Amino acid sequence: MKLIAGFLLFISITDLSAQTIEVEYDKKKDMSAYKTYQFGEAEVITPKDKRIFDESKTRAIVNDAIERELKDRGLQRIDSNAHLIVSYIIGSMERTSIYNAGPLGGPAGVESRGAVTQDYDEASFIIDLNDRSNNLIWRVNAVTSFTQANMLGLIDQILDTGFRRFPNKPKIKKSKK
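Residues numbered from 1 in each chain as written. Predicted model: local features only at pLDDT ≥ 70, side-chain atom pairs only at ≥ 80, totals over all residues. Heavy atoms only, no water.

### Remarks on unusual backbone geometry
Negative phi values dominate among residues other than glycine, just as trans dominates among peptide bonds.
Item 1. Residue Asn 81 is not a glycine yet carries a positive backbone phi of 55°.
Item 2. Taking the relative accessible area as the measure of exposure, Asn 81 reaches 58% and is therefore exposed.
Item 3. For Asn 134, which is not a glycine, the phi torsion comes out positive at approximately 70°.
Item 4. Structurally, the position occupied by Asn 134 is in the loop between strand 5 (115–131) and strand 6 (136–146). (Buried < 20%, exposed > 50% of the residue type's maximum accessible area, 1.4 Å probe, protein only. Helix = DSSP H or I, 4+ residues; strand = E, 2+ residues; numbered from the N terminus.)

### Let's talk about the environment of Leu 159
Item 1. Along the polypeptide, Leu 159 turns up in helix 3 (residues 151–162).
Item 2. Using a relative accessible area of 1% as the deciding quantity, one classes Leu 159 as buried.
Item 3. Spatially, the C-alpha atoms of Leu 159 and Val 140 are 8.0 Å apart, while their sequence positions differ by 19 residues.

### As for helix 3
Item 1. Over its 12 residues, helix 3 runs 16 Å from end to end, which matches the ideal 16 Å to within 8%, given 1.5 Å per residue.
Item 2. When we look at burial in helix 3, the residues that qualify are Met 151, Leu 154, Ile 155, Ile 158, Leu 159 and Gly 162. Seen from one end, helix 3 has its buried residues packed into an arc of 135°, which puts them on one side. (Expected span 1.5 Å × (residues − 1). Arc of directions from axis to C-beta.)

### Notes on the confidence of the model for the protein chain
Item 1. Per-residue confidence for the protein chain gives a mean pLDDT of 79; residues scoring 70 or more make up 74%.
Item 2. Confidence, expressed as mean pLDDT per element, reaches its minimum in the protein chain at helix 1 (residues 2–16) with 36 and its maximum at strand 3 (residues 76–77) with 96.
Item 3. This model gives residues 1–17 a pLDDT under 50, and the stretch forms 14 contacts once residues within four places in sequence are excluded. (pLDDT = per-residue confidence, 0-100. Contact = heavy atoms within 4.5 Å.)

### Overview of the nonpolar core
Item 1. By size, the foremost hydrophobic cluster in this structure holds 30 residues, and its most contacted members are Ile 66, Phe 125, Ile 127 and Phe 163.
Item 2. Counting residues per element, the ones that place at least two in this core are strand 2 (36–44), helix 2 (55–72), strand 4 (84–100), strand 5, strand 6 and helix 3.
Item 3. In terms of residue count, helix 2 provides more of this core than any other element does, 5 residues in total.
Item 4. Setting aside chain neighbours within four positions, we find Phe 125 in contact with Val 62, Tyr 88, Ile 89, Ile 90, Val 140, Asn 141, Ala 142, Ile 155, Ile 158 and Leu 159. (Core = buried A, V, L, I, M, F, W, Y, C linked by side-chain atoms within 4.5 Å.)

### Here we look at the pairing of strand 4
Item 1. Sheet topology note: the strand 2/strand 4 ladder contains 6 bridges and is parallel. Looking at strand 4, one finds that Glu 43 is bridged to Ile 89.
Item 2. Bridge analysis of strand 4 against strand 5 gives 17 bridges, and the strand direction is antiparallel. What sits directly across from Ser 87, in strand 5, is Asp 128. (Pairing = 2+ DSSP bridges.)

### Concerning the packing of aromatic side chains
Each aromatic ring pair is described using two quantities: the centre-to-centre distance and the angle formed by the ring planes.
Item 1. With the rule as written, the count across this model stands at 6 aromatic pairs.
Item 2. Between Tyr 25 and Trp 138, the aromatic rings sit 4.2 Å apart at their centres with planes inclined by 20°, giving stacked as the arrangement. Remark: Trp 138 occurs in strand 6 and Tyr 25 occurs in strand 1 (residues 19–25); sequence separation between them is 113 residues.
Item 3. For Tyr 25, a relative accessible area of 24% corresponds to the partly exposed category.
Item 4. Its relative accessible area of 0% is what places Trp 138 among the buried residues.
Item 5. Summarising the aromatic geometry, the rings of Trp 138 and Phe 163 are spaced 6.4 Å apart at their centres and angled 10° between planes, so their arrangement reads as stacked. (Phe/Tyr/Trp six-rings, centres within 6.5 Å; stacked < 30°, edge-to-face > 60°.)

Below, the structure written as C-alpha cells:
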C-alpha cells in the first residue's frame, strides 16, 4: 500500500512541476543600443474570484521583479520615450488532467481501472520587450503549473531563466582594494 501511495505522490509531483519557458528574440540583432525601458500595458487574466492578490498588488509584484531583472542587466527605467517598452500578461486558469492510472493507480495496463482526473492551476506569464516602433525585441513565454505557496518564487525563476541570455550582462561590482 505504501508503494502505491508513494507512486501516486510521485505522479502528482511530476505532473504539477511541468514547466516550459520559451525565449524568442533575433540573435542577429544588435541590442547594445537599448539602454532604457518603460512599462507599457499589463494584464492580469486570472478570474477575479481566483486571485491570490488583487490586480494592483499583482502588478506591483511583477513590475518590481521585472525592474530588478532589467536593472541587473544594465537597463535604466524612465517614464517616457524609452528604448524598450515592457508589456506583459500574467494569470492562471484551473485545468483538469485526465489519464489512465491502470490497476490500483499503477502503470497503465490491460486491467485498467479507468480514467483518473487531477485538477491543477496552470499559469501563463508572457513578457514582451518592444522597441519604440512596436517591433518585438524580446519575448519570454512561460506556462507552468503552480501552487499558491510557490507563486512569488516562480515569477523570479521565470524571469531569471527568460533573461539569462539577454545580451546586456549583469554589472559586476569591482571590489575595492
